[in-house]
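# Close look at the chain arrangement
Now for the letters of each chain:
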Amino acid sequence: LDLPMGSDDEPGVVLEGQVADRDADWHLAQIRLGGGGTIWIRDGGDQPGETVRVRVLARDVSLSVAPHDDTSILNRLRVQVTDVAADPDEAMSLVRLSSGEDVLIARITRRSVAHLQLEPGKALWAQLKSAAIVR
């Protein structure tokens, strides 16, 4: 699995999107991603319509077979598994996911891969615990 790398050589991706909305009460900005999904991130002061790049590390992506509203994780994207690969840590796997045109990487345990029966083509929900604008 050929992976983009984030900070400190951690696997991750950088997604491009546009600021769709800003919520001054919560200090959040809604980003419309190129693949069609939207996520909320800390408001960096960018104006609606501006293009931004958002970094998502693989460790900050969890996977679920159904969407959940009973969680602190606000950002959920409909995804499809495109590849599952070994991680340097024997307990972990790297899962490449597609969300429209966007690609995400999740770093989860091999046990979770087996439990969720992950294989290419499986539809899931990616839950993004954290994302940050890249300047």
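Right, let's walk through the structure included here. Each chain has its residues counted from 1, running along the sequence as written. Per-residue local features of the predicted model are confined to residues with pLDDT of at least 70, and side-chain atom pairs are confined, for both listing and counting, to 80 or more; whole-chain, interface and lining totals are unaffected and use all residues. Derived side-chain values reflect all non-hydrogen atoms in the structure, with water molecules and hydrogen atoms excluded from consideration.

## Some remarks on the layout of surface pockets
The criterion, for reference: Here a cavity is any set of points on a 1 Å grid over the protein atoms alone where a 1.4 Å probe fits but cannot get out, and a pocket is any open set with protein on both sides within 12 Å along at least 5 of 7 lines; a residue lines the site when it has an atom within 4 Å of a point. Grid points are joined across faces, edges and corners, and a volume is the space filled by probe spheres set on the points. Labels follow the DSSP assignment, with helices taken as runs of H or I lasting at least four residues and strands as runs of E lasting at least two, numbered in each case from the N terminus. Throughout, the ten residues Ala, Val, Leu, Ile, Met, Phe, Trp, Tyr, Cys and Pro are labelled nonpolar, Asp, Glu, Lys and Arg are labelled charged, and all others, Gly among them, are labelled polar.
One number sums up the size of the largest pocket: a volume of about 160 Å³. Lining the largest pocket, in full, are Leu 28, Trp 40, Ile 41, Arg 42, Ser 72, Ile 73, Leu 74, Asn 75, Leu 128, Lys 129, Ser 130 and Ala 131. The element that contributes the greatest number of residues to the lining of the largest pocket is strand β3 (residues 38-42), accounting for three residues. Classifying every residue of the lining of the largest pocket by side-chain character gives seven nonpolar, three polar and two charged.

## Let's talk about the sheet that holds strand β5 (residues 61-64)
Either a parallel or an antiparallel arrangement is found when strands of a sheet pair, and the pairing is made through backbone hydrogen bonds. Counted only if it meets this: Strand pairing is defined by DSSP finding a minimum of two bridges between the two strands. Between N-to-C directions, angles span 0 to 180 degrees; the directions come from axes that are lines fitted to C-alpha atoms, helices contributing only their stretch in contact.
Read from one edge to the other, the open sheet built from five strands follows the order β5-β9-β6-β7-β8, with strand pairing classed as antiparallel. If you trace the sheet from one side to the other, it starts and ends with β5 and β8 (102-109), each paired once. Along the sheet, successive strands turn relative to each other by an average axial angle of 45°, direction set aside.

## Let's talk about the pairing of strand β6 (residues 75-86)
Where β6 and strand β9 (residues 123-128) come together, six bridges link them in antiparallel fashion. Bridge assignment links Arg 76 to a residue of β9, and that residue is Gln 127. Bridge count between β6 and strand β7 (residues 92-99): six bridges; the pairing is antiparallel. Bridging across to β7, Ala 85 finds its partner in Leu 94. Between the end of β6 and the start of β7, which pair antiparallel, lie five residues.

## Some details on the environment of Asp 102
Our working definition: Throughout this description, buried means an accessible area under 20% of the type-specific maximum (1.4 Å probe, protein chains only), exposed means over 50%, and partly exposed covers the range between. Contact definition: two residues touch when any of their heavy atoms are within 4.5 Å. Polar contacts here mean pairs of N or O atoms no more than 3.5 Å apart (in protein, one a potential hydrogen donor and the other a potential acceptor; neighbouring residues in sequence count only if both atoms are side-chain atoms).
Along the chain, Asp 102 falls in strand β8. Overall, Asp 102 belongs to the buried group, its relative accessible area being 10%. Each C-alpha atom, one on Asp 102 and one on Leu 74, is 18 Å from the other, the two residues being 28 residues apart in sequence. In contact with Asp 102, other than residues within four places in its own chain, are Leu 15, Leu 33, Gly 34, Gly 35 and Leu 97. Among the polar contacts made by the side chain of Asp 102, one reaches the main-chain amide nitrogen of Gly 35 at a distance of 2.8 Å.

## Remarks on the sheet that holds β3
Taken together, five strands build an open sheet; the order of strands is β3-β2-β1-β4-β10 and the sheet is antiparallel. Looking at the sheet topology across the chains shown, the edges are occupied by β3 and β10 (132-134). Geometrically, the sheet is characterised by an average inter-axis angle of 50° between neighbouring strands, direction not taken into account. By the bridge criterion, three bridges tie strand β4 (residues 51-57) to β10 in an arrangement that is antiparallel. When the bridges of β10 are listed, Val 54 appears paired with Ile 133.

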